[in-house]
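In case you want the letters, here they are:
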Amino acid sequence: MASDHLDIAAVADVSATGCDLVRQWLREHNWTANQDFMEQLQQPEHQARALVLLARRDARVVGGLIAETQMAWLRISIMAVSPECRSQGIGAALLAEAERLAVGCGCRHAYVDTMEYQEPRFYLAHRFSIVGQIPDWDSRGHAKLYFSKDLRGNGSSLPTEARS
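Scoring rules and cut-offs
- Residues numbered from 1 in each chain as written.
- Predicted model: local features only at pLDDT ≥ 70, side-chain atom pairs only at ≥ 80, totals over all residues.
- Heavy atoms only, no water.
- Salt bridge = Lys/Arg side-chain N within 4 Å of Asp/Glu carboxyl O.
- Helix = DSSP H or I, 4+ residues; strand = E, 2+ residues; numbered from the N terminus.
- 1 Å grid on protein atoms, 1.4 Å probe; cavity = no way out; pocket = protein on both sides within 12 Å on 5 of 7 lines; lining within 4 Å.
- Points joined across faces, edges and corners; volume = space filled by probe spheres on them.
- Polar contact = N/O pair within 3.5 Å; in protein donor to acceptor, adjacent residues only side chain to side chain.
- Phe/Tyr/Trp six-rings, centres within 6.5 Å; stacked < 30°, edge-to-face > 60°.
- Lys NZ or Arg CZ within 6 Å of the ring centre and 35° of its normal.
- Contact = heavy atoms within 4.5 Å.

### Points about the pattern of salt bridges
Thought 1: The final tally for this structure, using the stated rule, is seven salt bridges.
Thought 2: In this structure, lysine 144 engages aspartate 113 in a salt bridge whose closest nitrogen and oxygen atoms are separated by 3.0 Å. Here lysine 144, found in strand β6 (residues 144-150), pairs with aspartate 113, found in strand β4 (residues 109-115); they are 31 residues apart in sequence, far enough to count as distant.

Below, the structure is given as structure tokens:
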């Protein structure tokens, strides 16, 4: 085989000429490798759906959760509580409601990633398990942690002591 010169270049963004071709190659590979899954993804009932929750106290937003459900998964992207309202059960209530709604949509699992300084103990306390981590993810010594949870239990994410 002749050795052709290979030119690798950075482009401005994902709309650059050639990017559609790269996406097409991946789609074609995925269709060949996992046709059943790819067919399911095409069904309207399996499209990703936003799940956004806001917690209000006296008409003021004190917390929120931004997620999406798709197929059997709840994927939590962002959850935060106002600094002056933390440790008052708002995060637990948001998580419990997200899980309840996700189960109602047919989800069986939940996924979230967080930095080690963003209270990963919260997810451990709500029966999530660490399924992976990337050390020094922020190049400042902090790991990114990946959590998942089986939602097929009793559906509540509240720790036992908070449910009584």
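Now that the structure has been shown, the text picks up again.
### Describing the layout of surface pockets
Thought 1: In this structure, the largest pocket spans a volume of roughly 650 Å³.
Thought 2: In terms of lining residues, the largest pocket is bounded by 23 residues, among which Met79, Val81, Gln118, Glu119 and Phe122 are the most central.
Thought 3: Looking at the lining of the largest pocket, the elements that each hand over two or more residues are β3 (73-81), α3 (90-104), β4 and α4 (120-125).
Thought 4: Of all the elements, β3 adds the most residues to the lining of the largest pocket, at six residues.

### Quick notes on the side chain of lysine 149
Thought 1: Looking at where lysine 149 falls in the secondary structure, it is placed in strand β6.
Thought 2: Of the polar contacts made by the side chain of lysine 149, one reaches the backbone oxygen of histidine 126; its length is 2.9 Å.

### A short note on the packing of aromatic side chains
Thought 1: Scanning all chains against the criterion turns up four aromatic pairs.
Thought 2: Ring centres of phenylalanine 122 and tyrosine 123 lie 5.2 Å apart, and the angle between their planes is 85°; on these two criteria the pair is classed as edge-to-face.
Thought 3: Seen from their ring centres, tyrosine 123 and phenylalanine 147 are 5.6 Å apart, and the 40° between their planes marks the pair as tilted. A residue pair is termed long-range when its members are at least 10 positions apart, and tyrosine 123 in helix α4 and phenylalanine 147 in strand β6 qualify at 24 residues.
Thought 4: Linked through ring pairs, Phe122, Tyr123, Phe128 and Phe147 together constitute an aromatic cluster.
Thought 5: When the ring centre of tryptophan 137 is taken as reference, the NZ or CZ atom of lysine 144 above it lies at 4.1 Å.

### Some thoughts on the environment of phenylalanine 128
Thought 1: For phenylalanine 128, the position within the fold is in the loop between α4 and β5 (129-134).
Thought 2: Sequence separation between phenylalanine 128 and valine 112 is 16 residues; the distance between their C-alpha atoms is 9.0 Å.
Thought 3: Once residues lying within four places of it in the same chain are set aside, the contact partners of phenylalanine 128 are Ile76, Leu95, Glu99, Ala110, Val112, Tyr123, Phe147, Ser148 and Lys149.

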